[in-house]
Structure formats: structure tokens, C-alpha cells
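Architecture at a glance
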Amino acid sequence: MQDIPIIKPRTESPSKVTFGRVTLDHTKYLTDDQVNNVVKNMRGDFRHEFEAVGLIPELVALRMVRSSFVSVYAAIDGEPEFILGAVPQVQGVYGIWGFGTLRTKRIAPALTKYINDCLIPGAFGGGLATRLEIRVPSESHWSIGWLHGACGFVPECELPGYSSTPHIQLRFSEQEYQARYVHVLPTTDAGTASGDTGSTEN
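These notes cover the structure that comes with them. (Residues numbered from 1 in each chain as written. Predicted model: local features only at pLDDT ≥ 70, side-chain atom pairs only at ≥ 80, totals over all residues. Heavy atoms only, no water.)

Topic: the overall build of the protein chain
Looking only at helices and strands, one finds six helices and 11 strands in the protein chain. Per-residue burial for the protein chain yields a buried fraction of 46% across its 202 residues. As displayed, the protein chain has an accessible area near 10000 Å², and 55% of this comes from carbon and sulfur atoms. (Helix = DSSP H or I, 4+ residues; strand = E, 2+ residues; numbered from the N terminus. Buried < 20%, exposed > 50% of the residue type's maximum accessible area, 1.4 Å probe, protein only. Areas by Shrake-Rupley, 256 points an atom, 1.4 Å probe, with all protein chains shown as cover.)

Re the environment of D45
Along the polypeptide, D45 turns up in helix α2 (residues 44-51). For D45 and P137, which are 92 residues apart along the polypeptide, the C-alpha to C-alpha distance reads 9.7 Å. Residues in contact with D45, not counting those within four places in the same chain, are S140 and W142. A polar side-chain atom of D45 sits 2.6 Å from a polar atom in the side chain of R43. (Contact = heavy atoms within 4.5 Å. Polar contact = N/O pair within 3.5 Å; in protein donor to acceptor, adjacent residues only side chain to side chain.)

Some words on helix α3 (residues 57-67)
Where α3 is concerned, the buried positions are P57, V60, A61, M64 and V65. One face of α3 carries all of its buried residues, which in axial projection span an arc of 140°. Seen from the open side of α3, the exposed residues pointing more than 90 degrees away from its buried face are L59, R63 and S67. Structurally, α3 contributes buried residues whose contacts are with α1 (32-40), α2, β5 (70-76), β6 (79-90) and β7 (93-100). (Arc of directions from axis to C-beta.)

Points about α1
The complete set of buried residues in α1 reads Q34, V35, V38 and V39. Along the long axis of α1, the arc covered by the buried residues comes to 140°, so they all point the same way. Along α1, the residues that are exposed and aim more than 90 degrees away from the buried face are D33 and K40.

Let's talk about the packing of helix α4 (residues 104-125) against helix α5 (residues 141-150)
Here α4 crosses α5 at 30°, and the two axes come no closer than 11 Å. Crossing handedness for the pair α4 and α5: right-handed. Facing T104, K105, A108, L111, T112, I115 and N116 of α4, the residues of α5 in contact are W142, W146 and A150. Grouping the amino acids of the contact of α4 with α5 by side-chain chemistry returns six nonpolar, three polar and one charged. (Axes fitted to C-alpha atoms, helices over the stretch in contact; angles between N-to-C directions. Left-handed = near helix turned anticlockwise from the far one by under 90°. Nonpolar A, V, L, I, M, F, W, Y, C, P; charged D, E, K, R; others polar.)

Here's the deal with the nonpolar core
In terms of nonpolar packing, the biggest core is built from 47 residues, with L24, F82, I83, F99, L132 and F153 touching the most fellow members. Apart from residues no more than four positions distant in its own chain, L132 is found in contact with Y94, I96, I120, F124, F153, F172, S173 and E174. (Core = buried A, V, L, I, M, F, W, Y, C linked by side-chain atoms within 4.5 Å.)

Some thoughts on the pairing of strand β8 (residues 131-137)
Buried residues dominate β8, accounting for six of its seven residues. In the classification by handedness, the crossover that spans β7, the intervening α4 and the parallel β8 is right-handed. Sheet analysis places β8 next to strand β10 (residues 169-175), joined by seven bridges and oriented antiparallel. Looking at the pairing, L132 lines up with E174 of β10. (Right-handed = clockwise from strand over helix to strand, strands pointing away. Pairing = 2+ DSSP bridges.)

Examining the layout of surface pockets
Here the largest pocket defines a volume of roughly 720 Å³. Residue lining of the largest pocket: 30 residues in total, with M64, I96, W97, G98 and R135 positioned closest to the centre. Per-class residue counts for the lining of the largest pocket are 21 nonpolar, six polar and three charged. V70, L119, G122, A123 and L128 are, among the 20 residues lining the second largest pocket, the residues nearest its centre. Elements that contribute at least two residues to the lining of the second largest pocket include exactly β5, β6, β7 and α4. The class makeup of the residues in the lining of the second largest pocket is 15 nonpolar, five polar and no charged. (1 Å grid on protein atoms, 1.4 Å probe; cavity = no way out; pocket = protein on both sides within 12 Å on 5 of 7 lines; lining within 4 Å. Points joined across faces, edges and corners; volume = space filled by probe spheres on them.)

So this is what it looks like as C-alpha cells:
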């Protein structure tokens, strides 16, 4: 993998941020074709995460995007490559989901920066949430490493029997008191990693 150049983020609005060629936005409505294109080109491990809870991406992904409280997409040169969403579970608690294409690793640094500096502080700082939760299969090594190592989500427990499949789910969370010490709001002079590494690997 090539070295990632340091590029200052260019912020068009509080809800749209550009890092080099990667744009993250939750104001623009994605068409059905755009969502379906992400599903069509989905990474194999993300597809497994659907199937591990008995779901078929082609049948549920579009409904997930449309029914989420908030959804954010990450695009390279305007083409959506990753979609992230949040669904309310109980008061103050939101379930986080996400899936992306084979180019996900190219946008991962920018997506990580956006989650850490904008999404999580915004959720907690605005009084919207007290807890964010994510569940992933125990064999989803890339997702686990990214969520815990890069985004600061804390592993909590195993959930055997969580679905009708034999896969064991792991629950990760981010809570308000944790976020105060881990995440910071972005500043105009803060450097950030570009989302374009030039790599097309899975």
C-alpha cells in the first residue's frame, strides 16, 4: 500500500467534507441505482456480515438506507463507494451499520477521520445519543480491526445465538463518557489522512 499523503480537509458545510478525492456527505439523496451499485460491487466480507444474520444484501440494503435515521455516503470522484447509517433502538441508543464496495480501503482513512472528528462528537455533543452500538461476526477481522483500532469502538461481549445462523456476533459500543476523552471536533488547521491511497485491493 502506498504512503498516505497528509491533506487538510476542505469543508463545504457542517455535513459535507472533502478529503482529496473523497467526499463524505449526508445531505444528498442517493438514488436507488447508486445504492444498488454499491451492493452490486460489495466487498465479500461485508456481504458475509449480512448473511451471518440471515439477510440477503440485494433484498434489504435499499430498505436499510431509506429507513435509517441518518445515512452518510463516502464517494470517490462523486461515485458512492461506502454507505453508513444509524437506526434508533431505544431512547439515546443507536445501532450503526455500514457496507461498501471493493474500493472501501481507498476511502477508509477519510471515512475514519469523518467518524472520529464529526459523526461521533456530533451524535454525543448534540444530545442525540448516549450510546452507539455495532454488531459484527467474529470472523470479520477487517471490520473488527477498523472499528476498534481506528474508530475507538470498545468490544463488549459475544452474542451466540443472536440470529438463526451459527455465526457468533461481537458487540462493540461507543458511549458518551468514552467519546469525551477519545474524539475531538475538527479544526481548520488539523491535518488529515487522504482517502485515496491508490490501492484497489480488497
